[in-house]
Amino acid sequence: MATYPGKFIVLDGPEGAGKTTQVERLVHRLRRDGRQATAVRDPGSTPVSERIRDILLDKRLPDMDARTEVFLYMASRAEMVARIIRPALEVGLVVVCDRFVSSTVAYQGAAGGVDTALIWELGRIACAGLEPDLTVILDLDVEAGLARRERERPRDRIESKQRAYHEKVRRGFLAMARERPQEFAVVDASRPLDEVARDIEEAVARVLR
Ligand code: Z5A
């Protein structure tokens, strides 16, 4: 894998774990510490990727095959890596990404039944070999996560899938973190925001050293 002057950090995990909130806090903290940092969200962050996101999260398209989802997520990701992430890493930025290939492995793989080894391989192809320097899994009980989200808006197409699906998603995240301890950190996201943020910052600091 090519190395870059910048660092690529992913925050991932089940619904409502606080990824979006913590991505913002982490970027803010890194900038306060004098680092150049930028946030992206997957799927999304480029015009093409945002259009693909709209299709993926459209409640009027409830029966998408898991393989179709995999290719759409990968297409969105290929565009985001080529247009934003790789150029930013080349000039030394810290890129903090809300979800990444690990989400496809957990949702479409562990929960959706697509071969997880195949998804990792498709991820390498879509991202032309680019991999995160660190993926932090924010771990949270399924019902607690969905309840946090529902306080803000109705469940979307993927959130509406049954509880068993979301349990498999959570187990999928924890399994990949166990299998690849050098590349993953797990943070208990059931605690107050500040405590979760502190643990994320500690894990990221080890990579930035
Ligand atoms: N998906 C997939 O299937 N395959 C893939 O490859 C990818 C994604 C990449 C959209 O993702 C969907 O796409 C998602 C997985 C699927 N399924 N759904 N839905 P997304 O990341 O864009 O989804 P989202 O809706 O933006 O994020 P999220 O996962 O639902 O939430 P979050 O980012 O983890 O949480 P948050 O928005 O920061 O916080 C949620 C609420 O909880 C908010 O009111 C916060 O103030 C509150 N919160 C956060 N932290 C705390 C703590 N510590 N205590 C109390 N309250 C908290």
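Residues numbered from 1 in each chain as written. Predicted model: local features only at pLDDT ≥ 70, side-chain atom pairs only at ≥ 80, totals over all residues. Heavy atoms only, no water.

Asks: Lay out the nonpolar core in plain terms, naming residues and giving numbers.
Replies: When a protein is soluble and globular, its nonpolar side chains tend to lie buried together. With 34 residues, the main nonpolar core has F8, I85 and F100 as its most contacted residues. No other element matches helix α3 (residues 66–90), which puts eight residues into this core. Setting aside its immediate chain neighbours within four residues, F100 contacts F8, V10, D12, D42, R77, M80, V81, I85, C127 and P132. In terms of nonpolar packing, the next biggest core, distinct from the first, is built from 23 residues, L134, V187, V207 and L208 among them. (Core = buried A, V, L, I, M, F, W, Y, C linked by side-chain atoms within 4.5 Å. Buried < 20%, exposed > 50% of the residue type's maximum accessible area, 1.4 Å probe, protein only. Helix = DSSP H or I, 4+ residues; strand = E, 2+ residues; numbered from the N terminus. Contact = heavy atoms within 4.5 Å.)

Asks: Describe the pairing of strand β1 (residues 7–12), listing the residues and the values that go with them.
Replies: Among the six residues that make up β1, five are buried, leaving the element largely enclosed by the rest of the structure. Pairing of β1 with strand β3 (residues 94–98), which is carried by five bridges, proceeds in the parallel orientation. Residue pairing across strands places F8 opposite V95, the latter belonging to β3. Examined bridge by bridge, β1 and strand β4 (residues 134–139) share four bridges and lie parallel to one another. Residue pairing across strands places V10 opposite T135, the latter belonging to β4. (Pairing = 2+ DSSP bridges.)

Asks: How would you explain the environment of R60 if you had to name every residue and give the values?
Replies: Mapping R60 onto the fold places it in the loop between α2 (47–56) and α3. You can call R60 exposed: its relative accessible area is 70%. A C-alpha to C-alpha distance of 22 Å links R60 and G16, two positions 44 residues apart in sequence. A distance of 2.7 Å separates a polar atom in the side chain of R60 from a polar atom in the side chain of D58. (Polar contact = N/O pair within 3.5 Å; in protein donor to acceptor, adjacent residues only side chain to side chain.)

Asks: How would you sum up the pattern of salt bridges? Please name residues and give values.
Replies: One pass over the full model with this rule turns up 18 salt bridges. The closest approach of N and O atoms between E201 and R29, which form a salt bridge, is 2.9 Å. Pair noted here: E201 is in helix α8 (residues 193–208) and R29 is in helix α1 (residues 19–32), with a separation of 172 residues, a long-range link. Owing to a relative accessible area of 23%, E201 belongs among the partly exposed residues under this scheme. Residue R29 is classed as partly exposed on the basis of its relative accessible area, which comes to 28%. (Salt bridge = Lys/Arg side-chain N within 4 Å of Asp/Glu carboxyl O.)

Asks: So what's going on with α2? Which residues, and what values?
Replies: Of all the residues in α2, the buried ones are S49, I52, R53 and L56. The arc enclosing the buried residues of α2, seen along the axis, measures out at 105 degrees, which places them on a common side. Facing away from the buried surface of α2 by more than 90 degrees, the exposed residues are P47, R51 and D54. (Arc of directions from axis to C-beta.)

Asks: Describe the packing of aromatic side chains, with residues and values.
Replies: Summed over the entire model, instances satisfying the criterion amount to three aromatic pairs. Between Y107 and F173, the aromatic rings sit 6.2 Å apart at their centres with planes inclined by 80 degrees, giving edge-to-face as the arrangement. Of this pair, Y107 sits in helix α4 (residues 101–111) while F173 is found in helix α7 (residues 163–179), placing the two residues 66 residues apart along the sequence. Accessibility expressed as a relative area gives 5% for Y107, which makes it buried. (Phe/Tyr/Trp six-rings, centres within 6.5 Å; stacked < 30°, edge-to-face > 60°.)

Asks: Kindly report on the site of the ligand, identifying the contributing residues and their values.
Replies: The environment of the ligand is made up of 30 residues, and the closest members are T21, R53, R99, T104 and R149. Separating an oxygen atom of the ligand from a backbone N or O atom of G18 is a distance of 2.9 Å. The separation between an oxygen atom of the ligand and a polar side-chain atom of R99 is 2.5 Å. Relative to its unbound accessible surface of 1,000 Å², the ligand loses 87% to contact with the protein. When residues of the shell around the ligand are traced back to their parent elements, those giving at least two are α1, α3, α4 and α6 (142–150). Per element, the largest residue contribution to the shell around the ligand is four residues, and it comes from α4. Partitioned by chemical class, the residues of the shell around the ligand number nine nonpolar, seven polar and 14 charged. (Near = heavy atom within 4 Å. Areas by Shrake-Rupley, 256 points an atom, 1.4 Å probe, with all protein chains shown as cover. Nonpolar A, V, L, I, M, F, W, Y, C, P; charged D, E, K, R; others polar.)

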